[in-house]
Amino acid sequence: MTVVITAGHSNVDPGAVYDSTKEADFCADMRNYVAFYLRNWGIQVKTDGEGRTNAPLRQAVLLAKNSKLALEFHLNASENKTAYGIEVLALEKHKKIAQEIAYAIKNVTGSRLRGDEGYRPQNAGQHARLGFVSAGGLVVELEFLSNSARFNILNEKRWLVAKAIAEVIKNYLQP
């Protein structure tokens with residue numbers, strides 16, 4: 001069973017940028033941390049790059065189509081610097097695992113869940129349709145980069161967050 005872990009945006013598109021943090025870089029690190037845990041537990045993982053290399057979305061979508069489970073990491077951003085929370089955008093059939101991932105992050109960071117206990121359908125955001133979600137993947141919005149207090153907590157606990165997410169994936173794959 002192959003799990004796909006990708007990082008939102010790419011080396012061409014940094015996504016949200018706040019202070020000196022680029023969404024693409026932070027999400028590539030999270031991808032690497034989660035993949036590290038899964039591989040150490042003997043789970044086959046494919047990623048959209050190594051280190052801070054991050055392939056374009058079209059390649060991530062192709063990987064997602066051929067996987068047992070696919071996650072892509074992102075950070076939300078808002079002009080409202082107090083906005084915060086975790087959400088996982090997914091197809092309805094992945095609602096349960098989306099909520100479990102959101103709760104795992106919440107249990108480490110103490111943040112709040114957005115949407116339906118952390119789950120949101122792909123059309124709940126600024127897009128009517130997300131290519132990665134349509135391909136069967138889950139888009140994990142870890143927190144708001146624009147809320148420095150909440151992002152700092154996520155950043156300080158990133159390895160614990162990655163392990164919690166990896167544990168959810170490991171449990172999902174077990175019969």
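Everything below is about the structure shown above.
Draft legend 1. A look at the sheet that holds strand S4 (residues 44–47). Sheet architecture is open: 6 strands sit in the order S4-S1-S5-S8-S6-S7, paired in mixed fashion. The two strands at the open ends of the sheet, each matched to only one other strand, are S4 and strand S7 (119–120). Where strand S5 (residues 69–76) lies against strand S8 (residues 138–144), 5 bridges are found, and the strand directions are parallel. Bridge pairing in S8 places His74 opposite Glu141. Contacts between helix H2 (residues 57–65) and the sheet are confined to strand S1 (2–7), S4 and S5, with S1 contributing the most and set at about 165° to the helix. Its contacts with the sheet put helix H6 (residues 158–173) on S1, S5 and S8, and the angle it makes with S5 is roughly 155°.

Draft legend 2. Region of the structure containing unusual backbone geometry. Positive phi values are uncommon outside glycine, yet Glu117 reaches one of about 55°. Secondary-structure assignment places Glu117 in the loop between helix H3 (95–109) and S7. By relative accessible area, which is 43% here, Glu117 ends up partly exposed.

Draft legend 3. Structural detail: the pattern of salt bridges. Scanning the entire structure with this criterion turns up 8 salt bridges. In this structure, Arg52 engages Asp25 in a salt bridge whose closest nitrogen and oxygen atoms are separated by 3.6 Å. Residue Arg52 is found in the loop between S4 and H2, and its partner Asp25 is found in helix H1 (residues 23–40); the two are separated by 27 residues along the sequence. By relative accessible area, which is 43% here, Arg52 ends up partly exposed. Look at Asp25 and you get partly exposed, because its relative accessible area is 21%. In this structure, Lys95 engages Asp116 in a salt bridge whose closest nitrogen and oxygen atoms are separated by 2.6 Å. Pair noted here: Lys95 is in helix H3 and Asp116 is in the loop between H3 and S7, with a separation of 21 residues, a long-range link. A relative accessible area of 23% places Lys95 in the partly exposed class. In this structure Asp116 comes out as partly exposed when scored by relative accessible area, which is 32%.

Definitions and cut-offs
Residues numbered from 1 in each chain as written. Predicted model: local features only at pLDDT ≥ 70, side-chain atom pairs only at ≥ 80, totals over all residues. Heavy atoms only, no water. Pairing = 2+ DSSP bridges. Helix = DSSP H or I, 4+ residues; strand = E, 2+ residues; numbered from the N terminus. Contact = heavy atoms within 4.5 Å. Axes fitted to C-alpha atoms, helices over the stretch in contact; angles between N-to-C directions. Buried < 20%, exposed > 50% of the residue type's maximum accessible area, 1.4 Å probe, protein only. Salt bridge = Lys/Arg side-chain N within 4 Å of Asp/Glu carboxyl O.

None of the figures reported here should be taken as evidence of function without further support.
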